[in-house]
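Chain residues, written in single-letter form:
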Amino acid sequence: RTVNSLQTNLSSERSRSKPEHEMAQDDRAEPLLERWAGHSAGAAMGPSRHQPAATRHIGYSTRAALAACVVISAMLAVCGAGGLFRAWAPGTSSPPQLRDTLGAAAAGWPFEVLQNPLAVAGEWGVVSRPFPTGAWYTNMAVLDGAQRPGSQPIVALPYGFRNNNGRGMAISYGPTRRSVTPLYQGDFFGSDLVVGTVAEGVQNFSHRISATSPLTLAVDFTGSASREHTFTARLARGAPWVVTEWTGAVPSVTSDFALVSVKAIGNEPAAPPSPSAAEAEAAAAKEEEEKESVAVVNALCSAHKGCQILEASVADGLCCPLTTNGIMLECCEVPPPRPIFVPHPKAVPESAVGDELGPNDLFELKLQTGQTWLASFDEPVSVKWWTNPGRFECTSPYTGALRLAFAHDNDSLLALQASAHGPYPVSSSFRVEEDASINGTASKGATLVFAFEVAGSSAGSGELVTLALPHHIAALAKGSVWHDGPRYDSMKGRMTPIRGLEWAVHEKYIPISWTPPTPPAKELVGQILKSLHVDLEQLSVLEPDAKDLYGFGKQASRLARLALIAEQLDDAESFKTAVTALTACLTPWLTATNLAAVPNALPGSGALVYDEVYGGLVTRQGLADPAADFGNGRYNDHHFQIGYLLYASAVACKMAPDFCKIHKATIGVIARDVTTPPNDAFGKLFPVARCKDLYDGHSWASGLFQMADGKSQESSSESVNAYYAAVLLAEAVGDAPLLNWAKFLLATEVRAVQWYWHVPSNSRIYDERFVASHTMVGVVGATDVNAATWFGANLEYVHGINVIPVTPLTEALLPAGYVAEEYAQLETRSGMMEPAWAGFSVAAHAILDAHAALQELSALSVYDAGNSKTNMLHWIATRPKPPSRM
């Protein structure tokens, strides 16, 4: 679905000198793969053949005939070994480029290794495979339709950043441009400040990522007149100060808006040494000569309260008010400029000559938009500034950190001054600390700890200040909240400043089960069994025919649900039928022999393959065509699609041990595409939790496409389903490390969804005008939310796409108190919904009134491809009685 936005939107890997979870070159992968495979690592699955670029719509068998091998070899000779699809020699058990990474376990590698035709842009910098395709900063390195990297923003919160058409790094504080309608809320990007440099001629800035960590990103910006990078941007999630580091260039800060005033409000240079006798005599003589001028100026100054004469200003006939430490403020020869809003830059007269201030180490900048910013330097500097176009620049080369921060109000301004020269983040890490088990029981939760490494002066408060989101504060386990700290808003609500190098959030694990906690009502068991028998007589149910990964995964998951229901109801014949059909339909996908939806498709044409360039499992069709499989080859919707496949595979492993023994190595690798734990043996092939944003709490569905809103995700419930499936799979195969990690991913996802997709009437996250119209968000972006989906704005679409699929976990995702308000809105579409979507409305209603939902179900005859009448009956029959008070 996300890829549909490309028509209008087309709009890092963890860059660091070392991968985030670097491992030694050893055979640590062998025990893991053996544990998944359950047999000798030497039991290899034959690789499928390569697919030339010129014939991307033709499939290939995993056991190609000798004649086909001859043809393919000839094609390789023509295309070259570095062509679109590259294969290893027939007969080998694994691709040679992976042997050093996997060690002995490479013998069990099940996937063909191909090259992604999307070239890695140089802006990725130090980032290398496996690329974090779901990371918050991918816009900085992905090319847009005009082959421009970084033209769409990355959103660190509270700021957004982009390469401003080559002018330098643009900084946007979007909440001051917030737009709200009943369907939409967005913080538009504006180039409030643009960091560049003073140089002769036009500077065209390029950029490259120079380091990353879980919460920080370093980007080198290089002007066209420079041989080496001009400055390094130190960006961090939740950082109130935007920091750039300089080593001898001349900083310049411009704006797309007029600059109406600049004031020096910090510290001046230290007093110079005492003058010599000769210098003192000359100074005295000069003072005598200027007495007459002083008298003239004094008359002018006396008319202004708080003004005093500054000797340095006498020659210019100026006087200025002083602060207690002698800092010159606005001169009062003329009325001081007032921060006013000017509707258009042309309304502000252009300054022909820049005014000079300083030396000083802290300046206050006011823009025509009413915004106030602070600019902090490590040592006093002299600056010049111009009104229109707004420009603020040093008068000489500078070495040190330049910090910039938006000040919401005067209290924020004062708070920011206290931290203006404190430490700033340059790296970070996270760790997940499991709760202690009690009497041998499973852990009930875990604590997510964010830790920062800093640079900069330890003067002032000496404490790092970062900002937490509302869902952090609600579960804060460690951290010193700065209650009177600076105020910042974001698309996810008010942010809270926290002091210290570490802070932590506690996550409660969600009780997991294969079936709902409540057994089905006895009076409905007969109806469920009757429906089960009917469903299992349908060929479309027994033989899933979708050729794309998403469609097939939903159909296979539907079959898996029927198997679980049959098992719970002790229907042995139905259970056998469902499991047999489930394992049969999964086998082609797990042996790379499934067909693509193209004419004359051959076995393997729709198979999953390993993308050697970016590091991930993609469909062969998705690799060749960016729009195929909802953008799968560009890593869109990966957790949605693979989540369904994992759910079906988990049930198959639970129900069919022999099947699992054969295929669980393959299933384990598939799981790693979206759920790789930290320090995992496959961490060199897949990024840690590909789609997960640990700071925002939820996942991002958008992959390697530039997005105007930074990143986005639509179907929150399908995201939850991916991690639920990973928990079930880990339970089925006995993988404790994956089990604990998947539980953590699931807990954070559910809680973030309930904060940022679910909108109860008492929500303080979004504007009241948006909240008044909607109880569910359709798509959450980094800078916007809207009450629509990629495919339409009908209420049943918006709500249904955040309910699908209906599984036992739905009970935890949709608490009755919220559903009471959510369904009241959804009910307004009763009788007008598209039939396949109406089932999800019935599922929500069942949480409140199972009897009424049962009546509504009787009128349905069409269900979503991942749903069935049997599943809906079972869901209604297992609803606990909702509380009498919501």
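Residues numbered from 1 in each chain as written. Predicted model: local features only at pLDDT ≥ 70, side-chain atom pairs only at ≥ 80, totals over all residues. Heavy atoms only, no water.

Enquirer: Where do I start with the overall build of the protein chain in this structure?
Expert: Across its full length, the protein chain carries 25 helices and 29 strands. Counting across all 886 residues of the protein chain, residues that qualify as buried make up 59%. Of the accessible surface of the protein chain, which amounts to about 33900 Å², a share of 54% is contributed by carbon and sulfur atoms. (Helix = DSSP H or I, 4+ residues; strand = E, 2+ residues; numbered from the N terminus. Buried < 20%, exposed > 50% of the residue type's maximum accessible area, 1.4 Å probe, protein only. Areas by Shrake-Rupley, 256 points an atom, 1.4 Å probe, with all protein chains shown as cover.)

Enquirer: Help me understand unusual backbone geometry in this model?
Expert: Generally, phi is negative for residues other than glycine and the peptide bonds are trans, each holding for most cases. Going from Leu157 to Pro158, the amide bond is cis rather than trans, its omega being 10 degrees. Mapped onto the elements of the fold, Pro158 is located in the loop between strand S2 (154–155) and strand S3 (160–163). Here the bond from Ile804 into Pro805 is cis, since omega is -5 degrees, no more than 30 degrees from zero. By the secondary structure assignment, Pro805 is in the loop between helix H20 (795–800) and helix H21 (810–813). The backbone phi angle of Asp570 is positive, close to 55 degrees, even though this residue is not glycine. Note on placement: Asp570 falls in the loop between helix H12 (549–568) and helix H13 (572–590).

Enquirer: Can you walk me through the sheet that holds strand S6 (residues 184–187) in this structure?
Expert: By definition, the strands of a sheet pair up through backbone hydrogen bonds, in either a parallel or an antiparallel sense. Overall, antiparallel pairing links the five strands, which are arranged S5-S6-S29-S28-S27 in an open sheet. One side of each edge strand has no neighbouring strand; the edge strands of this open sheet are strand S5 (178–180) and strand S27 (712–713). (Pairing = 2+ DSSP bridges.)

Enquirer: Teacher, can you tell me more about the packing of helix H24 (residues 850–857) against helix H25 (residues 869–877) here?
Expert: How two helices sit against one another is set out by the angle between their axes and by the gap between those axes. It is at 10 Å that the axes of H24 and H25 come closest, and there the two elements cross at 165 degrees. One finds that H24 runs roughly antiparallel with respect to H25. Handedness of the H24/H25 crossing: left-handed. Taken together, the residues of H25 that come into contact with H24 (itself represented by Ala850, Ala853, Leu854 and Leu857) are Lys869, Met872, Leu873 and Ile876. Tallied by class, the residues present in the contact of H24 with H25 amount to seven nonpolar, no polar and one charged. (Axes fitted to C-alpha atoms, helices over the stretch in contact; angles between N-to-C directions. Parallel < 35°, antiparallel > 145°, perpendicular 65-115°, else oblique. Left-handed = near helix turned anticlockwise from the far one by under 90°. Contact = heavy atoms within 4.5 Å. Nonpolar A, V, L, I, M, F, W, Y, C, P; charged D, E, K, R; others polar.)

Enquirer: For this particular structure, what's the right way to read the state of the cysteines?
Expert: Formally, a disulfide is one covalent bond, and it connects the sulfur atom of one cysteine to the sulfur atom of another. One pass over the full model with this rule turns up one disulfide. Note that Cys653 is cross-linked by a disulfide to Cys660, the S-S spacing being 2.4 Å. Taking the torsion about the sulfur-sulfur bond, which here is approximately 85 degrees, the covalent link between Cys653 and Cys660 counts as right-handed. Cys660 matches Cys653 in its accessibility class, with the two residues each being buried. (Disulfide = S-S within 2.5 Å.)

Enquirer: Looking at this model, I keep getting lost on helix H23 (residues 835–848). Mind explaining?
Expert: Since the α-helix packs 3.6 residues into each turn, any two residues three or four apart lie on the same face. Its 14 residues place the ends of H23 21 Å apart at the C-alpha level, agreeing with the 20 Å of an ideal helix rising 1.5 Å per residue. Burial within H23 is extensive, with 11 of its 14 residues counted as buried. By the burial criterion, the buried members of H23 are Trp837, Ala838, Gly839, Phe840, Ser841, Val842, Ala843, Ala844, His845, Ala846 and Ile847. (Expected span 1.5 Å × (residues − 1).)

Enquirer: Just to check I follow, could you spell out helix H17 (residues 716–733) for this structure?
Expert: Helix length check: H17, at 18 residues, gives a terminal C-alpha distance of 26 Å against a target of 26 Å (1.5 Å per residue), a fit within 8%. Counting buried positions along H17 gives 16 out of 18 residues, so the element sits mostly inside the fold. Once H17 finishes, Gly734 follows within two positions and takes phi at roughly 75 degrees, a positive value.

Enquirer: In this structure, what is going on with the nonpolar core? I would like to understand it.
Expert: What tends to happen in soluble globular proteins is that the nonpolar side chains get buried as a cluster. The biggest cluster of nonpolar side chains holds 222 residues, and the ones touching the most others in it are Trp124 and Phe392. The element contributing the most residues to this core is helix H18 (residues 736–756), with 12 residues. (Core = buried A, V, L, I, M, F, W, Y, C linked by side-chain atoms within 4.5 Å.)

Enquirer: Mind showing me how you'd approach the sheet that holds strand S25 (residues 608–611) here?
Expert: Overall, mixed pairing links the three strands, which are arranged S1-S25-S26 in an open sheet. The open sheet has two edge strands with one neighbour each: strand S1 (113–114) and strand S26 (616–619). In the sheet, S1 pairs with S25 via two bridges, with the strands oriented parallel. Considered in S25, the bridge of Leu114 is made with Asp611.

Enquirer: Whenever I open this one, the pattern of salt bridges confuses me. Can you help?
Expert: Where charged atoms from two side chains of opposite charge come close, those side chains can pair. This structure, assessed with the given rule, holds 28 salt bridges. A salt bridge links Arg237 to Asp696; the nearest nitrogen and oxygen atoms lie 2.6 Å apart. Highlighted residues: Arg237 in the loop between strand S10 (231–236) and strand S11 (242–247) and Asp696 in the loop between helix H16 (657–675) and S27, separated in sequence by 459 residues. Here Asp696 falls in the buried class, since its relative accessible area comes to 2%. One salt bridge connects Arg391 with Glu393, and the closest N-O pair in it is separated by 2.8 Å. The exposure class assigned to Arg391 is partly exposed, which follows from its relative accessible area of 29%. Salt bridges sharing common partners tie together Arg237, Lys492, Asp693 and Asp696. (Salt bridge = Lys/Arg side-chain N within 4 Å of Asp/Glu carboxyl O.)

Enquirer: Please explain the packing of helix H15 (residues 638–655) against H17 as it appears in this structure.
Expert: Two elements in contact, H15 and H17, have axes whose closest approach is 8 Å; the angle formed by their N-to-C orientations is 30 degrees. Judged by the angle between their axes, H15 and H17 are roughly parallel. For the crossing formed where H15 meets H17, the hand is left-handed. Counting all contacts with H15, which are made through His639, Phe640, Gly643, Tyr644, Leu646, Tyr647, Ala650, Cys653 and Lys654, the residues of H17 involved are Glu718, Ser719, Asn721, Ala722, Tyr723, Tyr724, Ala725, Leu728, Leu729, Ala732 and Val733.

Enquirer: I'm lost on the packing of aromatic side chains in this one. Help?
Expert: Enumeration according to the criterion identifies 31 aromatic pairs in this entry. Aromatic side chains Trp373 and Phe406 sit 5.9 Å apart centroid to centroid with 70 degrees between the ring planes, which places their arrangement in the edge-to-face category. Placement of Trp373 in strand S17 (residues 372–386) and of Phe406 in strand S19 (residues 399–407) is noted, with a sequence separation of 33 residues between them. Accessibility expressed as a relative area gives 0% for Trp373, which makes it buried. Relative to Phe630, the ring of Tyr550 lies with its centre 5.4 Å away and its plane at 80 degrees, an arrangement referred to as edge-to-face. (Phe/Tyr/Trp six-rings, centres within 6.5 Å; stacked < 30°, edge-to-face > 60°.)

Enquirer: Sorry, what's going on with the pairing of strand S9 (residues 216–222) here?
Expert: In the case of a regular strand, side chains alternate between the two sheet surfaces. Among the seven residues that make up S9, seven are buried, leaving the element largely enclosed by the rest of the structure. Residues Thr216, Ala218, Asp220 and Thr222 line one face of S9 and the alternating positions Leu217, Val219 and Phe221 line the opposite face, and both faces are buried. One ladder, built from seven bridges, connects strand S8 (residues 206–213) with S9; its direction is antiparallel. Looking at S9, one finds that Arg208 is bridged to Asp220. Summarising the sheet, S9 and S10 pair through six bridges and their orientation is antiparallel.

Enquirer: Where do I start with the environment of Phe205 in this structure?
Expert: Looking at where Phe205 falls in the secondary structure, it is placed in the loop between strand S7 (193–197) and S8. Residue Phe205 is classed as buried on the basis of its relative accessible area, which comes to 5%. As for Phe205 and Thr222, which are separated by 17 residues in sequence, their C-alpha atoms are 5.3 Å apart. Excluding residues within four positions of it along the chain, Phe205 makes contact with Asn163, Gly166, Arg167, Gly168, Gly196, Thr197, Phe221, Thr222, Gly223, Thr230 and Phe231.

Enquirer: Quick question: what am I supposed to make of the confidence of the model for the protein chain here?
Expert: The predicted coordinates of low-pLDDT regions are not to be read in fine detail. Looking at the protein chain as a whole, its pLDDT mean stands at 82, while 77% of the residues score no less than 70. Every residue in residues 292–305 is under pLDDT 50, and counting partners more than four places away or in other chains gives 16 contacts. Low pLDDT (under 50) marks residues 309–353, which in the prediction has 96 contacts with non-local residues, meaning those over four places away or in another chain. (pLDDT = per-residue confidence, 0-100.)

Enquirer: What should I look at first to understand the environment of Gly462 in this one?
Expert: Relative to the helices and strands, Gly462 resides in the loop between strand S21 (445–455) and strand S22 (465–468). Residue classification places Gly462 among the partly exposed positions, given a relative accessible area of 34%. Expressed as a C-alpha distance, the spacing of Gly462 and His421, which sit 41 residues apart in the sequence, is 8.4 Å.

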